[in-house]
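For reference, the chains in residue letters:
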Amino acid sequence: MNRQTRATLGGKLSAVLVAAGSSVGLGNIWRFPYVAGDNGGGAFLLIYILCVLLLGLPIMTGEFIVGRSTHRNAVGAYRTLSPRWTLLGYNGVLAAFLILGFYFVVSGWTLEYMIHSLTGELAHYSTAGEYTALFDTFVRNPWRPVLYTTLFVLLTHVIIALGVEKGIERSAKVLMPLLLAILVVLSVHSLLMPGGGEGLRFFFKPDFSAVTPRTVLVALGQAFFSLSIGIGTMVTYASYFKADTNLRHTALSVTLLDSLVAILAGVVIFPAVFSVGIAPESGPSLVFITLPGIFNTMPLSMVWSSIFFLLLVVAALTSTISLHEVLTVYFSEEWHLSRRAAAWTTTLSTAVLAALASLSLGALGGYPIFGKNLFDGLDFLTANILLPLGGLATSLFVGWHLDKRVIRREMTNDGSLRFRIFGLFLFLLRYVCPAVLCLIFLDNLGLLKVFFT
Ligand code: TRP
């Protein structure tokens, strides 16, 4: 497909909004609080922020360069630049498929919670124990979560079918600012809850005694997951950027916005967790138990709850769209399918995987793979292995292999912008990212102990 017939995104703001739409999602509001809670809070937050700035930002910029310089899907982009690196594109396509497998399930939960808020059903409960029981009964039910997951897959399909400009761009423009506004309201409310101070201390006060190599890997995986990097999503989106989009500013804005939402989510969740008396290490159910508890203490609780879950559905949707788009544009450009057929191929295959992942939490729970159910396995494999591996390969590719002239041209928009920190950018991609990523991997495999004991 040539450049002229491919879609492009509108003004300056839409590149940021669309990329932020992909980044900001359940990763920030559902996954971040639960892994931060699982990994000790404050110290995790600090390591997370370091990962975002030192590794996330340069790698996102690198993906933008690859995408906009080729105007291709993730696989096609790497093949165009260097056939030997095509594998990196395939890693992305595979990871996008596997992420959707569990992401659609959680998205389905948000849809269910939204509907139960609208009907007032959620207001029938009040204690943390009741919310925990409600959540458990729901996810273990053999057909309801599958139904909601399927509905969510179809919702994503409809927007993808509308195309890049109409579907993706428009939905991101309105809904992102709205989400931010409601998070601010909720965080103020949460801070005022009795006993909330302890939650803030947990979230902001680093306790390094609890930090293990696994904590660092999980923080890194969470950073990549939240920023949507490592698997070519940003390559795909940047392939729609215009020639005058400032890649550096776009990457910086997206990164800051994404971190802001994650931290706000922490400020909403942790005071409430401590105030209501829930264990911060409750795992994937954390926000689904905590949030209804917060709303319960507010006047007009079901109104707030409905709006919040609606926004969560939307945040999830702008992220599932980006993952779906990676697969759809891959099938259409590489397998030469029509966009319609490509979208259906993606929709049907991911729906089957997501249904299995959903059932693995209940009806099929008796068939673990490597000791984990399918849902947890997909989450762990993608965030902690495939994304960091993809990030490592991306930094090596852009830092060492890609022609410097391409990098310079993309970063300066063909000479019209200045790029004073070119040296620093290249240094981060060439040395810092690969070194840190390799160390974290080795450390987790237990190989570094040999040298330090
Ligand atoms: N970043 C999204 C979130 O935080 C999820 C997501 C969308 C993603 N596209 C991705 C994660 C690509 C990894 C890679 O919810």
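**Section: a nonpolar patch on the surface**
- Residues Leu396, Trp400, Ile421, Leu424, Phe427 and Tyr431 make up a contiguous nonpolar surface patch of roughly 580 Å² in combined accessible area.
- For the nonpolar patch, the elements supplying multiple residues, two or more each, are helix H16 (374-401) and helix H18 (422-444).
- The dominant element in the nonpolar patch, judged by the number of residues it contributes, is H18, at three residues.
- Turning to its location among the elements, Tyr431 is positioned in helix H18.

**Observations regarding the packing of helix H3 (residues 42-70) against helix H10 (residues 213-227)**
- At their nearest, the axes of H3 and H10 sit 8 Å apart, and the two run at 50° to each other. Judged on the interaxial angle alone, H10 and H3 are oblique. Here the hand of the crossing between H3 and H10 comes out right-handed. Residues Phe44, Ile47, Tyr48, Cys51, Val52, Leu55, Gly56, Ile59 and Met60 of H3 form the contact with H10, whose own contacting residues are Thr215, Val216, Val218, Ala219, Leu220, Gln222, Ala223, Phe224, Ser226 and Leu227.
- Here the contact of H3 with H10 is built from residues that sort into 15 nonpolar, four polar and no charged.

**Some thoughts on the environment of Leu179**
- Secondary-structure assignment places Leu179 in helix H8 (residues 164-191).
- Residues Leu179 and Leu311 lie 132 residues apart in sequence; the distance between their C-alpha atoms is 5.8 Å.
- With residues up to four places along the chain from it excluded, the contact list for Leu179 reads Val24, Ile29, Leu311 and Ala315.

**Section: the environment of Ser319**
- Position of Ser319 relative to the elements: it lies in helix H14 (residues 301-334).
- Ser319 sits 45 residues away from Leu364 along the chain, and the two C-alpha atoms are 27 Å apart.
- Setting aside residues no more than four positions away along its own chain, Ser319 makes contact with Gly21, Ser22, Val24, Gly25 and Tyr103.
- Of note is the side chain of Ser319, whose polar atom sits 3.2 Å from the backbone oxygen of Val24.

**Some points on empty space enclosed by the protein**
- By the definition in use, this model includes five cavities of 30 Å³ or more.
- Roughly 140 Å³ of internal volume is contained in the largest cavity.
- Every residue lining the largest cavity is counted, 17 residues in all, and those nearest its centre are Ser22, Tyr103, Phe225, Ser228 and Leu323.
- Broken down by secondary-structure element, the contributors of at least two residues to the lining of the largest cavity are helix H1 (12-23), helix H5 (86-118), H10 and H14.

**Considerations on helix H15 (residues 339-359)**
- The end-to-end C-alpha distance of H15 is 30 Å, a good match for the 30 Å that 21 residues give at a rise of 1.5 Å each.
- Residues of H15 that are buried include every one of Ala342, Ala343, Thr346, Thr347, Thr350, Leu353, Ala354, Ala355, Ala357 and Ser358, and no others.

**A closer look at the site of the ligand**
- Lining the immediate environment of the ligand, one finds 17 residues, of which Ser23, Gly27, Tyr103, Phe225 and Ser228 sit closest.
- At 3.2 Å from an oxygen atom of the ligand is found a main-chain nitrogen or oxygen belonging to Leu26.
- Across the complex, the protein chains shield 100% of the 360 Å² of accessible surface that the ligand would expose by itself.
- When each cavity is represented as a set of grid points, the ligand is found to reside in the largest cavity.
- Contributions of two or more residues to the shell around the ligand are made by H1, helix H2 (26-38), H5, H10 and H14.
- Partitioning the shell around the ligand into residue classes produces seven nonpolar, ten polar and no charged.

**Brief notes about the pattern of salt bridges**
- Applying the stated rule across the entire model yields seven salt bridges.
- Residues Arg68 and Glu410 are paired through a salt bridge, measuring 2.7 Å at the closest nitrogen-oxygen approach. Here Glu410 lies in helix H17 (residues 404-412) and Arg68 lies in helix H3, a separation of 342 residues in the sequence. In terms of burial, Arg68 and Glu410 fall into one category: buried.
- Between Glu334 and Arg79 there is a salt bridge, and its shortest N-O distance comes to 2.7 Å. On the criterion of sequence distance, the pair formed by Glu334 in helix H14 and Arg79 in helix H4 (residues 74-81) is long-range, its members being 255 residues apart.
- When its relative accessible area of 34% is taken as the criterion, Arg79 is described as partly exposed.
- Residues joined by salt bridges that share partners form a network here, namely Arg68, Arg409 and Glu410.

**Considerations on the layout of surface pockets**
- For the largest pocket, the calculated volume is near 270 Å³.
- Taken together, 13 residues make up the lining of the largest pocket; nearest its centre are Tyr34, Val35, Asp38, Phe380 and Asn384.
- Of all the secondary structure elements, the ones that give two or more residues to the lining of the largest pocket are H2, H10 and H16.
- Along the lines of polarity and charge, the residues of the lining of the largest pocket split into five nonpolar, two polar and six charged.

Criteria and cut-off values
Residues numbered from 1 in each chain as written. Predicted model: local features only at pLDDT ≥ 70, side-chain atom pairs only at ≥ 80, totals over all residues. Heavy atoms only, no water. Patch = residues over 30% accessible without salt bridge, like charges linked within 9 Å, V, L, I, M, F, W, Y side chains within 5 Å. Areas by Shrake-Rupley, 256 points an atom, 1.4 Å probe, with all protein chains shown as cover. Salt bridge = Lys/Arg side-chain N within 4 Å of Asp/Glu carboxyl O. Helix = DSSP H or I, 4+ residues; strand = E, 2+ residues; numbered from the N terminus. Axes fitted to C-alpha atoms, helices over the stretch in contact; angles between N-to-C directions. Parallel < 35°, antiparallel > 145°, perpendicular 65-115°, else oblique. Left-handed = near helix turned anticlockwise from the far one by under 90°. Contact = heavy atoms within 4.5 Å. Nonpolar A, V, L, I, M, F, W, Y, C, P; charged D, E, K, R; others polar. Polar contact = N/O pair within 3.5 Å; in protein donor to acceptor, adjacent residues only side chain to side chain. 1 Å grid on protein atoms, 1.4 Å probe; cavity = no way out; pocket = protein on both sides within 12 Å on 5 of 7 lines; lining within 4 Å. Points joined across faces, edges and corners; volume = space filled by probe spheres on them. Expected span 1.5 Å × (residues − 1). Buried < 20%, exposed > 50% of the residue type's maximum accessible area, 1.4 Å probe, protein only. Near = heavy atom within 4 Å. Sits in = over half its atoms within 2 Å of the grid points.

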